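Next come the chains, spelled out residue by residue.
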Amino acid sequence: MDLKTLRFADSAPYPAPETDGHNPRYATAILSNIGAVNSEMSAVSLYFYNSLITKKFFPDIAQCFHHISIVEMHHMNLFGELALNLGTDPRLWSYNRGHMNYWSPSSNRYPSNIAALVSNSLSGEQDAIRKYQAQISWIEDENIKALLKRIIADEEIHVSIFKSILTELGVTMQVQELDDPPTEIPSE
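Just so you know, these numbers come straight off a predicted model, no measurement behind them. (Residues numbered from 1 in each chain as written. Predicted model: local features only at pLDDT ≥ 70, side-chain atom pairs only at ≥ 80, totals over all residues. Heavy atoms only, no water.)

A.B. asks: Looking at this structure, I do not really get the overall build of the chain. What am I missing?
C.D. replies: Counting secondary structure elements, the chain contains six helices and two strands. Its helices and strands in sequence order give the chain the pattern α-α-α-β-β-α-α-α, from N to C terminus. Viewed in the frame of its principal axes, the chain has a C-alpha envelope of about 50 × 35 × 25 Å. Here the chain holds 188 residues, and 47% of them are scored as buried. Residue pairs in contact within the chain that sit at least 24 positions apart in sequence constitute 80% of those at least 6 positions apart. Working note: accessible area of the chain is about 9,700 Å², and carbon and sulfur atoms make up 54% of it. In the chain, 14 side chains carry a positive charge and 23 a negative one; their mean positions are 2 Å apart. (Helix = DSSP H or I, 4+ residues; strand = E, 2+ residues; numbered from the N terminus. Buried < 20%, exposed > 50% of the residue type's maximum accessible area, 1.4 Å probe, protein only. Contact = heavy atoms within 4.5 Å. Areas by Shrake-Rupley, 256 points an atom, 1.4 Å probe, with all protein chains shown as cover. Lys, Arg positive; Asp, Glu negative; His and termini not counted. Charge placed at Lys NZ, Arg CZ, Asp CG, Glu CD.)

Encoded structure:
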């Protein structure tokens with residue numbers, strides 16, 4: 001993997017996180033992008049962790065996680081600004097059945113097998129894309145839709161990177177094989 005030629009974000013500029021005004025329903029959706037189980041905060045924290053534990057034995061993969069976490073942090077910042085503009089407090093929390101739930105590191109899964117670790121990250125990116133596409137389908141504010149589409153472009157690059165890493169590791173995309181590969185991150 002040649003890190004010098006790898007892109008971690010799409011080259012298109014990000015639309016400004018502007019809105020048509022305060023909207024509690026949209027704000028709830030955007031808060032979930034910041035601090036729910038499937039959120040940018042979950043991605044940032046997981047990729048930070050993954051970067052640390054892969055650094056010794058898989059330095060290129062560690063660097064990928066580091067660079068992708070920076071892109072995810074930028075997404076989180078954009079969603080935070082968007083939440084403010086929608087009239088809500090952009091804490092690391094989300095609504096669930098009328099209650100605010102703070103984000104927690106327990107939101108993440110922490111596999112130690114390198115293939116499962118990358119596969120878990122791939123799955124998270126794919127889930128984020130589906131979530132943002134679903135939001136695009138019902139949100140009517142064109143500014144928010146444009147920002148979601150731009151962020152999806154980055155997430156698609158991350159999907160491609162994780163698929164490429166799995167291919168380099170010799171892992172096929174069949175779930176049963178992801179649990180078995182012999183490449184473990186040694187614990188010391």
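A.B. asks: In this structure, what is going on with the pattern of salt bridges? I would like to understand it.
C.D. replies: Oppositely charged side chains can pair when the atoms bearing their charge come close. Per the counting criterion, the structure on display carries four salt bridges. With its nearest N and O atoms 2.7 Å apart, the salt bridge here joins Arg-91 to Asp-89. The partly exposed category is assigned to Arg-91, whose relative accessible area is 39%. Here Asp-154 ties to Arg-150 by a salt bridge, and the two come within 2.6 Å at their closest N and O atoms. Separated by four residues within a single helix, Asp-154 and Arg-150 lie in helix α5 (residues 142-168), roughly one turn from each other. Residue classification places Asp-154 among the buried positions, given a relative accessible area of 0%. A residue is classified by how much of its surface remains accessible, and Arg-150, at 6% relative accessible area, is buried. (Salt bridge = Lys/Arg side-chain N within 4 Å of Asp/Glu carboxyl O.)

A.B. asks: So what exactly am I meant to see when it comes to the packing of aromatic side chains here?
C.D. replies: The way to describe two aromatic rings as a pair is by their centre distance and the angle between their planes. All told, the structure shown has seven aromatic pairs when counted by the stated rule. Ring geometry for Tyr-47 and Phe-65: centres 5.5 Å apart, planes at 40°, overall tilted. Residue Tyr-47 is found in helix α2 (residues 40-54), and its partner Phe-65 is found in helix α3 (residues 59-85); the two are separated by 18 residues along the sequence. What makes Tyr-47 buried here is its relative accessible area of 2%. (Phe/Tyr/Trp six-rings, centres within 6.5 Å; stacked < 30°, edge-to-face > 60°.)

A.B. asks: What exactly am I supposed to notice about a nonpolar patch on the surface here?
C.D. replies: Among the surface-exposed residues, Phe-48, Tyr-49, Leu-52 and Tyr-110 lie close enough to one another that they form a single nonpolar patch of about 400 Å² accessible area. Its place among the elements puts Tyr-110 in the loop between β2 (99-102) and α4 (114-138). The exposure class of Tyr-110 is partly exposed, given its relative accessible area of 36%. (Patch = residues over 30% accessible without salt bridge, like charges linked within 9 Å, V, L, I, M, F, W, Y side chains within 5 Å.)

A.B. asks: How should I be thinking about the nonpolar core in this particular structure?
C.D. replies: Within soluble globular proteins, side chains that are nonpolar generally end up buried alongside one another. Counting 46 residues, the largest nonpolar core has Ile-30, Phe-79, Val-118, Ile-144 and Phe-162 as its most contacted members. Counting only elements with at least two residues in this core, the list comes to α1 (24-35), α2, α3, α4 and α5. Here the element with the most residues in this core is α5; it accounts for eleven residues. If sequence neighbours within four positions are ignored, Ile-30 has contacts with Phe-79, Leu-82, Ala-83, Leu-86 and Ile-144. (Core = buried A, V, L, I, M, F, W, Y, C linked by side-chain atoms within 4.5 Å.)

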